[in-house]
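Tertiary structure, described
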Amino acid sequence: MTKKEMACIVCPMSCHLEVTLDDNNNMIEVIGNTCKRGEVYAKSELKNPVRMLTSTVKLEGGLYKRLPVITSVNIPKDKLFDVMKEINKIEVCAPIKVGDIIISDVCGLHADIVASRSVECTDGDNRTESNTCNSK
Ligand code: SF4
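These lines cover the structure that appears in this document, whether it is placed above or below. What you see is a predicted model; the values in this text were computed from it and never measured. (Residues numbered from 1 in each chain as written. Predicted model: local features only at pLDDT ≥ 70, side-chain atom pairs only at ≥ 80, totals over all residues.)

Thoughts on the site of the ligand
Every residue lining the ligand is accounted for by Cys8, Val10, Cys11, Met13, Ser14, Cys15, Asn33, Thr34, Cys35, Arg37, Gly38 and Tyr41. Here the shell around the ligand is built from residues that sort into seven nonpolar, four polar and one charged. (Near = placed C-beta within 6 Å. Nonpolar A, V, L, I, M, F, W, Y, C, P; charged D, E, K, R; others polar.)

In structure tokens form, the structure reads like this:
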């Protein structure tokens, strides 16, 4: 048996979890969690750790120089750097509406990179259609 410590990141309480594993790395017990979600998180973290990724992409013609973006769903933790490489290749043009898909099915992960805020054009031309130029 081994013990592993981790912080639950599901909510701001950040409970300190202590997980007991058997010789095959299967979870036997979790202590330190304040609610059931901590146990679910520990199990997921051991077998298939995933994260939401938040970042920014270059933005042209808007009130800001960068557009905040987020993955539409959790993605495998070991793919974060691959996804960041794709995000860093992208440049979009205002106007952008919150929820616009900036990259579809990034790295074949069945997750999209979506805008997490709306940005108007600096020239006041705020078309109803978004303009994701995606130029490099
Ligand atoms: S165990 Fe429950 S209360 Fe504690 S951080 Fe996780 S979700 Fe929040």
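Details of the sheet that holds strand E8 (residues 91-93)
Read across the open sheet, the five strands follow the order E8-E5-E6-E10-E9; overall the sheet is mixed. Edge positions in the open sheet fall to E8 and strand E9 (101-103), since each of these has one partner strand only. Across the sheet, the mean angle from the axis of one strand to that of its neighbour is 45°, orientation sign disregarded. As defined by bridge partners, E9 adjoins strand E10 (residues 113-115) across two bridges and the pair is classed as antiparallel. (Pairing = 2+ DSSP bridges. Helix = DSSP H or I, 4+ residues; strand = E, 2+ residues; numbered from the N terminus. Axes fitted to C-alpha atoms, helices over the stretch in contact; angles between N-to-C directions.)

Concerning the sheet that holds strand E3 (residues 27-31)
Taken together, the three strands give an open sheet; going across it, the order is E1-E2-E3, and neighbouring strands pair in antiparallel fashion. The open sheet has two edge strands with one neighbour each: strand E1 (2-7) and E3. Looking at each pair of strands side by side, their axes are set apart by 25° on average, direction ignored. Two elements, strand E2 (residues 16-21) and E3, share four bridges in a ladder whose sense is antiparallel. Bridging from a neighbouring strand, Val19 pairs with Val30 of E3.

Considering the nonpolar core
In this structure, Val57, Leu59, Leu67, Val69, Val92, Ile96 and Ile102 are the most contacted members of the largest nonpolar core, which totals 17 residues. Put simply, the parts of the chain that give this core at least two residues each are strand E5 (54-60), strand E6 (66-71), E9 and E10. Of all hydrophobic cores here, the second largest spans seven residues; its members include Cys8, Cys15, Val19 and Val30. (Core = buried A, V, L, I, M, F, W, Y, C linked by C-beta atoms within 7 Å. Buried ≥ 20, exposed ≤ 12 C-beta atoms within 10 Å, placed from the backbone.)

Some words on helix H1 (residues 36-47)
At 3.6 residues per turn, the α-helix brings residues three or four places apart onto the same side. Under the 1.5 Å per step criterion, the end-to-end length of H1 is 17 Å for 12 residues, consistent within 8% with the ideal 16 Å. Along H1, the residues that are buried comprise Gly38, Tyr41 and Ala42. Down the axis of H1, the sector holding all buried residues measures 100°, keeping them to one side. The exposed set on the far side of H1, more than 90 degrees from its buried face, consists of Lys36 and Lys47. For H1, the elements touching its buried residues are E1, E2 and E3. (Expected span 1.5 Å × (residues − 1). Arc of directions from axis to C-beta. Contact = placed C-beta atoms within 7 Å.)

Some points on unusual backbone geometry
The omega torsion across Ala94 and Pro95 is 5°, close enough to zero to call that bond cis. Tracing the chain through its elements places Pro95 in the loop between E8 and E9. Backbone geometry at Ser14 places phi at a positive 50°, although glycine is not the residue there. Here Ser14 is to be found in the loop between E1 and E2. Residue Ser14 is classed as exposed on the basis of its 10 C-beta neighbours within 10 Å.

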